[in-house]
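Each chain is listed here by its residues.
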Amino acid sequence: MSIESTDAKTSALDARIDFFINEANLSHNDLKEALLKQPSLLQYSIDTTLRPKLQFLVEELHIDKSSIPRIIRTSPAILGLSLTQNIMPKIAIIQEECNLSSNDIGIIVVTVPSILSLSLKKKIKPCFEFLRSKLQLTNPSDLGSIILSSPRILMHGVDTSLSPKLQMIQQALLYEGLSDTRSISEMISIVKKNPSILATSNTILRARIDKYIYEGKSLKESFKPKSVGRKKIYTQQNIDKPMREASSRVGVKKGHFTTNSNRNSFDETKQSGTSMPDLQHSSSLRDIKKLPFSLYDFQNEPVSIVAFASGSIFPADDINTVRGTRRAGGIAIQFPQLTEAGEVFHSRFQDATRLSFGMIMPRTDISNLPQYGLVQAGFPFLRPSRARCELYACHGALKVTLQLLKQTAEEKNMRDVDVNIDIYTHSTYAWNLLKDSEILLDWGSASTVEDVHFDIPGPLSLANTDLLFPLTKTMHRMANNAVINRSRNKRLCIGRTVNIRFQYIGDLLYDEEIGKVTKELQYAAKKAAIWQYERL
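These lines cover the structure that appears in this document, whether it is placed above or below. (Residues numbered from 1 in each chain as written. Predicted model: local features only at pLDDT ≥ 70, side-chain atom pairs only at ≥ 80, totals over all residues. Heavy atoms only, no water.)

**What to know about the overall build of the chain**
- Counting secondary structure elements, the chain contains 21 helices and nine strands.
- The buried share of the chain, reckoned over its 536 residues, is 54%. (Helix = DSSP H or I, 4+ residues; strand = E, 2+ residues; numbered from the N terminus. Buried < 20%, exposed > 50% of the residue type's maximum accessible area, 1.4 Å probe, protein only.)

What follows is the structure, given as structure tokens:
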């Protein structure tokens, strides 16, 4: 063997190790553990095998980059599976049969990464069929709720694990004196309320049932899910950062930004004594709708503007589509305060959206969507993907908000008014890029994208800088009151302080209303993507 060929192999090996350490963020111990399970990891092509799967996990399933090392460490075999012939079709079937979103699949994969290695024909589909039949599930969402609540159920065999467990529970209920019919309905109720029962071992479940019978306890009461000691399926990595002063770094007036231990937020200390209301953790959609949309009727009080943003693609990744198939993207943005305001601000909102987007979807069907405060638009850039559409939707919400502020600044004096803007996304990908407002403002202060050092974990390609940088420029102009009325060539003051933060919708108190709005917005974005696809 020549020296050149030996050097080439060494170089290729180093490149793969560098990928796992620097792009996938594995530690040396993580990589060692993964290699012991899957030695062939260091033989896979970076460009055709490893990087596409990493991008798929982060961009399409919205998995936090901090969770990637655990996924690879515990289930390295995933990286050896075909993305288009195995992983994507498998996910598409799970989504279709369980009515789960890409975010939901991401949560499942983070919780039990090895699910992606399961056989669709021998394991996943038989499990679905069994659960639908035995638990009398007629709605895909009911099956999805069980799988999302306890994804480890999919790891259990029907004949060796799931069926015996249901028989144990029913027999114990018969022992309590219930009839055959009643014992079946009670067994179904118990499992639906606490699906994790099916994810325990047969031995443990038998021991629990025997214990409850011996102590004379009701199975129905004993198997009720308990919050104490129960492990959460998935939590965002808590991040603690020291207080930053954006005014000294990027020239933002009177604003100080800080990050709390759970989600990014602002700690605004202003000379005026006003502060940005905290809509995180303790707020619901009902609280947001109660916030008056005082942009056109303020009396030197803070103005709060809230928007929800969502992006989608068509056709979605399913068993019939592969990488390279022509796709189109769409976005949907809703301003819930305007939804409640009705026709009062409808014409102004329409003007703002026309100035923000070049391709707005006509409102031909509003039967299932809000009539006011909603805009649907096509994704106008190359390479549409779910992640890119979600990111552009956030920028779109910011652009519409800017136009609304410019309308008011043309008519009223905004110099003594503090403006607080919250834009919510259900995309963990977008939120992870946008959660640190100080960094966004720093990037936005650059003249060109070439002047920016995008300090993000993982490869730069995942940042989609062609979309991210224009967003930061818009944000920087707004925060620094560098807004121009081009028709009159004059500078506009859109507020004494303009505070912008991007938030994760999961931080709102979850109730049926917020769940409904989230689904409606995703549906609206999907409709926009279909509209864009048909017109191209």
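**Examining the packing of helix H17 (residues 386–411) against helix H20 (residues 465–479)**
- Contact geometry for H17 and H20: axes closest at 10 Å, N-to-C directions at 25°. Looking at the two axes, H17 sits roughly parallel to H20. Pair H17 / H20 crosses with left-handed handedness. Facing H17, whose interface residues are Arg 388, Leu 391, Cys 394, His 395, Leu 398, Thr 401, Leu 402 and Leu 405, H20 presents Asp 466, Leu 467, Leu 468, Pro 470, Leu 471, Thr 474, Met 475 and Met 478.
- Each residue belonging to the contact of H17 with H20 can be placed in one class, and the counts come to 11 nonpolar, three polar and two charged. (Axes fitted to C-alpha atoms, helices over the stretch in contact; angles between N-to-C directions. Parallel < 35°, antiparallel > 145°, perpendicular 65-115°, else oblique. Left-handed = near helix turned anticlockwise from the far one by under 90°. Contact = heavy atoms within 4.5 Å. Nonpolar A, V, L, I, M, F, W, Y, C, P; charged D, E, K, R; others polar.)

**Some words on unusual backbone geometry**
- Of the consecutive residues Phe 314 and Pro 315, the connecting peptide bond is found in the cis state with omega at -5°.
- The topology assignment puts Pro 315 in the loop between strand S3 (303–314) and strand S4 (328–334).
- Backbone geometry places Asn 25, a non-glycine residue, at a positive phi of 65°.
- Overall, Asn 25 belongs to the partly exposed group, its relative accessible area being 30%.

**Concerning the state of the cysteines**
- Using the criterion set out here, one finds zero disulfides in the structure.
- The thiol of Cys 98 is not disulfide-bonded; the next cysteine sulfur, from Cys 127, is found 8.8 Å away. (Disulfide = S-S within 2.5 Å.)

**What about the nonpolar core?**
- Within the largest apolar cluster, 129 residues are counted, with the highest numbers of intra-cluster contacts made by Phe 20, Leu 131, Ile 169 and Phe 502.
- At 13 residues, the largest contribution of residues to this core is made by H17.
- Dropping the residues within four chain positions of it, Ile 169 is found in contact with Met 187, Ile 190, Val 191, Ile 197, Leu 205, Ile 209 and Leu 219.
- Counting 11 residues, the second largest nonpolar core, distinct from the first, contains Ala 332, Ile 505, Leu 508 and Ile 514. (Core = buried A, V, L, I, M, F, W, Y, C linked by side-chain atoms within 4.5 Å.)

**Focus on the packing of aromatic side chains**
- Enumeration according to the criterion identifies 11 aromatic pairs in this entry.
- The interplanar angle of 85° and the centroid separation of 5.4 Å between the aromatic rings of Tyr 212 and Phe 223 together place this pair among those described as edge-to-face. Taken together, the residues span a long stretch of sequence, with Tyr 212 in helix H11 (residues 202–214) and Phe 223 in the loop between helix H12 (219–222) and helix H13 (246–250) at a distance of 11 residues.
- For Tyr 212, a relative accessible area of 10% puts it in the buried group.
- You can call Phe 223 buried: its relative accessible area is 2%.
- Here the aromatic rings of Phe 335 and Phe 349 are separated by 5.6 Å at their centres, their planes lie at 70°, and the arrangement is edge-to-face. Of the two residues, Phe 335 is situated in the loop between S4 and helix H15 (336–341) and Phe 349 in helix H16 (residues 346–356); the sequence distance between them amounts to 14 residues. Across the pair, exposure class does not vary: Phe 335 and Phe 349 are buried alike.
- Members of the aromatic cluster, each reached through a chain of ring pairs, are Phe 357, Phe 379, Phe 381 and Tyr 392. (Phe/Tyr/Trp six-rings, centres within 6.5 Å; stacked < 30°, edge-to-face > 60°.)

**Some points on the pattern of salt bridges**
- This model, assessed by the stated rule, comprises 17 salt bridges.
- One salt bridge in this structure joins Arg 51 and Glu 23, with 2.6 Å as the shortest N-O distance. Of this pair, Arg 51 sits in helix H3 (residues 46–60) while Glu 23 sits in helix H1 (residues 3–23), placing them 28 residues apart in sequence.
- What makes Arg 51 partly exposed here is its relative accessible area of 22%.
- For Asp 210, the salt bridge is made with Arg 206, and the minimal N-O distance between the two is 3.2 Å. Placement of both Asp 210 and Arg 206 in helix H11 is noted, with a separation of four residues, approximately one turn of the helix.
- Three or more residues are tied together by salt bridges with common partners; here these are Asp 30, Glu 33, Lys 37 and Arg 73. (Salt bridge = Lys/Arg side-chain N within 4 Å of Asp/Glu carboxyl O.)

Don't take any of this as a statement about function, it's just geometry.
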